[in-house]
Structures are given as structure tokens and as C-alpha cells.
Amino acid sequence: MKILVTGALGQIGSELIDTLTDRYASENVFATDKKTNNQNFDCKFEKLDVLNYESIENIVTENNIDTIYHLAAILSAVAEEKPRLAWQVNMEGLKNVLEVAAKHDCAVFTPSSIGAFGPNTPKNKTPQDTIQRPTSMYGVTKVSGELLCDYYHTKFGVDTRGLRYPGIISNKTLPGGGTTDYAVEIYYEALKNGHYECFLEQDTQLDMMYMPDAIKAAIELMETPADKLTHRNAFNVTSMSVAPRDFANSIKEYLPDFTVEYKVDQTKQKIANSWPNSLDDSAATKEWGWEAEYDLDSMTKDMLDKLSVKLGIDFKIKE
Ligand code: NAD
Ligand code: AKB
């Protein structure tokens, strides 16, 4: 397997690269991003703008790439500020990757999101196949991307696969401008300042997942034999359905003096309100054995442990 990753310096890419190089060997992984800042991957890295078709094609042909993890994208909050840019990067970028994949016989992994659902989607236990009429530009690009990936599979035979990721929590790279970013920031601020100003209302219920589960899901899906898959683009996956208040309470178990204030950002709240409360991920379980490892408490312990080391803060979990 020879793997190209786009958007590799982002929240997911920066951790996916480490797993891919461990699993498939450094010489088989090629990391790229539009940015070039201080990456220290154990594999080749090159600057690549996914809006440049020729550059993608050159990397694919020169390195015999057969699998592309396409992560370059504009996330929901930034997309709402810059909708034209979001359409361009999320749709043109994806189309370029799919075209190269069709021409050079590459498999493609593209994340979708809970953002691919909208206000008239069933809110609780949102089914795999249901109404998708998102109202944010991010959601418009995500549902269009799912359809485009399906199209390239049925029309051109490209092995496209995807996951509808929930909000992802991690401790290596900060998130890139989404509606669920609060769920990462809250851990940093709890350790640094003992206080967090949350931009969503305390009872805004959304699906979330810890990064190790997000990476595991991507790799497991890509390694599943094709004949097992009915829903390629894209599978509902989730680990927990939680609100800011739940994160606050989970952190207080280990930092009892932690406080949270709610200063709502109306744009982000509106996006969050249009997304499901909880996903039904049984199709992923049935078709390729998906199962999350982390729940809120085990994630909180690991986040506080790892972040305290990273931030140089004297803190130990008391069991
Ligand atoms: P991120 O914003 O952290 O990283 C995206 C990366 O793409 C950045 O490093 C950025 O420099 C790069 N990029 C932007 N424009 C580019 C371009 N034109 N060419 C090349 N690179 C470009 O995003 P992420 O959280 O790592 O998300 C990766 C994918 O997963 C996206 O499709 C996102 O929609 C999806 N997703 C993420 C989450 C989450 O919570 N992180 C949840 C659901 C879905
Ligand atoms: C965002 O908030 O934009 C992402 C997502 C859930 O797609 N984290």
C-alpha cells in the first residue's frame, strides 16, 4: 500500500500519519498539506494545495500511490464565515482527488460529518439513511461530497469510503475552526486556568469521539473487504452523545474547582442546533465491526493525563 494524505497537518491528519507510518512503514506514507509549518513526521512531506489537480497527479504517479486519505477541508465555523472558500476547497479539492483516483486507480477515504445532517433530520438515534438537508455551507459540502464519492464509485469504479465523524477530541493538534472545538478547548483551559468560557449552551447535545477511536475507525473501514460494504459514503460513527455540561462535570471529577461560563456564539450555536443529538451507528457495526473504545470518563482521564504532560502542569489522576 502506498498512501497519500492531504491536509496532514490538521487535527486528524497529524495523528493519522503516525498510525499509518507505524502500521504500513514510513516509506509507504506521503504526507501533504497547503501549510508547511513545523511538522515532524516520520515520512515524506510536501506542500500540496488540493485545488491544484496537476500537483496531486504528479505526487500520485511519482510515488505509485494507490490509496488517498483526503483530509484537506474547511470546517464548519470557518465555512460559515467563508462559504465560497469552503465550497471551493471542500468540493473542488474533493473532485480533483476523485479524478486523480479514477485515472490512477486509487482508493479514497474522505470524512463526512454529523454536519451532513440538518434541522429536519430525526434528532435522536439519527439513522444511517435519512433526510439530509443541512443548512450550513459546511453541511452542504459534506452531503454533496458523500454523493460525489458515491457517484465516482458507481460510475468510475473508484473504491471510495467515508465516515460521518462526530466532533473529535484530541491532544496533539488543535482543531481547525469547527463548531465542536469547545470540546477540545475545555480540557486545555481546565488545566491552564481552571476556568472555561464555552461558546455553546450547556445542554447542546452532540456526538463526540476521542481521536484514537477516530483513527481506528478510518483504518478499519479502509481495510474491510469491499464486498462487505453496502454504505460506502458515509457511515455514521459515534462514541458518545454529550453536552458541554457533561464535559464540565466529567472534568470536575478530577479538577473539582473547575468552573465554566456560557457565552454563546450565535453562529456556532445555530450550526450545532441543526445537527443531530445522537447517531445510530449500527450499520458501521454490522458491515465492518465498528465499536468505540473510549467513553467520556476514559477520554477525560487520558486527555488530562496527556495534556498535563504537554503543558508542563503538575497534575496526576487520583484513582
Ligand atoms: P483541520 O482543519 O484540522 O485540518 C485540515 C487541514 O487541511 C489543515 O491542515 C489545512 O491546512 C489543510 N488545508 C486547507 N485547505 C487546503 C488546501 N486547499 N489544500 C491542502 N490542504 C488544505 O481539519 P480536521 O479536523 O483534521 O478534519 C479533516 C477532515 O475530517 C475534514 O474533511 C473534516 O471535515 C472532517 N471532520 C473532522 C471532524 C473533527 O472534529 N475534527 C469532525 C467531522 C469531520
Ligand atoms: C466541526 O465542528 O466542524 C467538525 C465536525 C463535527 O464536522 N468538528
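Residues numbered from 1 in each chain as written. Chains lettered and ligands numbered in written order. Predicted model: local features only at pLDDT ≥ 70, side-chain atom pairs only at ≥ 80, totals over all residues. Heavy atoms only, no water.

Caption draft 1: Here's a closer look at the side chain of Thr67. With respect to the helices and strands, Thr67 occurs in strand 4 (residues 67-70). The class for Thr67 is buried, based on a relative accessible area of 6%. At 2.9 Å, the side chain of Thr67 and the side chain of Asp66 are in polar contact. Not counting residues up to four positions away in its chain, the partners in contact with Thr67 are Met1, Lys2, Ile3, Leu4, Cys106, Ala107 and Met222. (Helix = DSSP H or I, 4+ residues; strand = E, 2+ residues; numbered from the N terminus. Buried < 20%, exposed > 50% of the residue type's maximum accessible area, 1.4 Å probe, protein only. Polar contact = N/O pair within 3.5 Å; in protein donor to acceptor, adjacent residues only side chain to side chain. Contact = heavy atoms within 4.5 Å.)

Caption draft 2: Just the sheet that holds strand 9 (residues 167-169), in detail. Strand order in the open sheet formed by three strands is 9-11-13, and the pairing between neighbours is mixed. For this open sheet the edge positions go to strand 9 and strand 13 (240-242), each flanked by a neighbour on one side alone. Neighbour-to-neighbour, the strand axes of the sheet open up by a mean angle of 45 degrees, direction not taken into account. Sheet topology places strand 11 (residues 206-210) next to strand 13; three bridges connect them, and they run antiparallel. Within the sheet, the bridge partner assigned to Leu206 lies in strand 13 and is Val242. With respect to the sheet, helix 7 (residues 211-223) is in contact with strand 9 and strand 11, its orientation differing from that of strand 11 by roughly 85 degrees. (Pairing = 2+ DSSP bridges. Axes fitted to C-alpha atoms, helices over the stretch in contact; angles between N-to-C directions.)

Caption draft 3: Fine view of the domain arrangement of the protein chain. Per the domain assignment, the segments making up the protein chain are domain 1 (3-166 + 209-236) and domain 2 (168-208 + 239-277 + 293-311). Using C-alpha coordinates to define each centre, domain 1 is positioned 24 Å away from domain 2. Facing the 32 residues of domain 1 at the interface are 31 residues of domain 2. Taking both sides of the interface into account, the surface hidden between domain 1 and domain 2 amounts to around 2600 Å²; carbon and sulfur atoms contribute 57%. Sorting the residues of domain 1 by area buried against domain 2 places Gln11, Met209 and Tyr210 first, and these three jointly supply 29% of that buried surface. For the interface between domain 1 and domain 2, the tally reads one salt bridge. Among the ionic pairs, Asp18 bridges to Lys172, the shortest N-O distance being 2.8 Å. Where domain 1 touches domain 2, the interface holds 19 residue pairs in polar contact (both at pLDDT 80 or more). (Domains from an automatic or database assignment. Buried area = accessible area lost by both parts, 1.4 Å probe. Salt bridge = Lys/Arg side-chain N within 4 Å of Asp/Glu carboxyl O.)

Caption draft 4: Geometry of the nonpolar core. With 42 residues, the main nonpolar core has Ile169, Tyr182, Tyr187, Met208, Phe247 and Met299 as its most contacted residues. If you list the elements that add at least two residues to this core, you get helix 4 (83-104), helix 6 (182-192), strand 10 (195-198), strand 11, strand 13, helix 8 (244-252), helix 9 (266-273) and helix 11 (296-311). Each of domain 1 (3-166 + 209-236) and domain 2 (168-208 + 239-277 + 293-311) accounts for three or more of the residues forming this core. Ignoring sequence-local partners within four residues, the contact set of Met208 consists of Pro166, Gly167, Ile169, Thr180, Tyr182, Ala183, Thr238, Ser239, Met240, Val242 and Phe247. Leu16, Ile17, Met211 and Ala283 belong to the second largest nonpolar core, which has 37 residues in total. (Core = buried A, V, L, I, M, F, W, Y, C linked by side-chain atoms within 4.5 Å.)

Caption draft 5: Examining the sheet that holds strand 6 (residues 112-113) more closely. Pairing is parallel in the open sheet, where three strands are placed in the order 6-8-12. Single-partner strands in this sheet number two, and they are strand 6 and strand 12 (235-236). Note: strand 8 (residues 163-165) against strand 12, two bridges, orientation parallel. Paired with Arg164 across the two strands is Asn236, which belongs to strand 12. In the packing of helix 7 onto the sheet, contacts are made with strand 8 and strand 12, and the angle to strand 8 comes to roughly 175 degrees.

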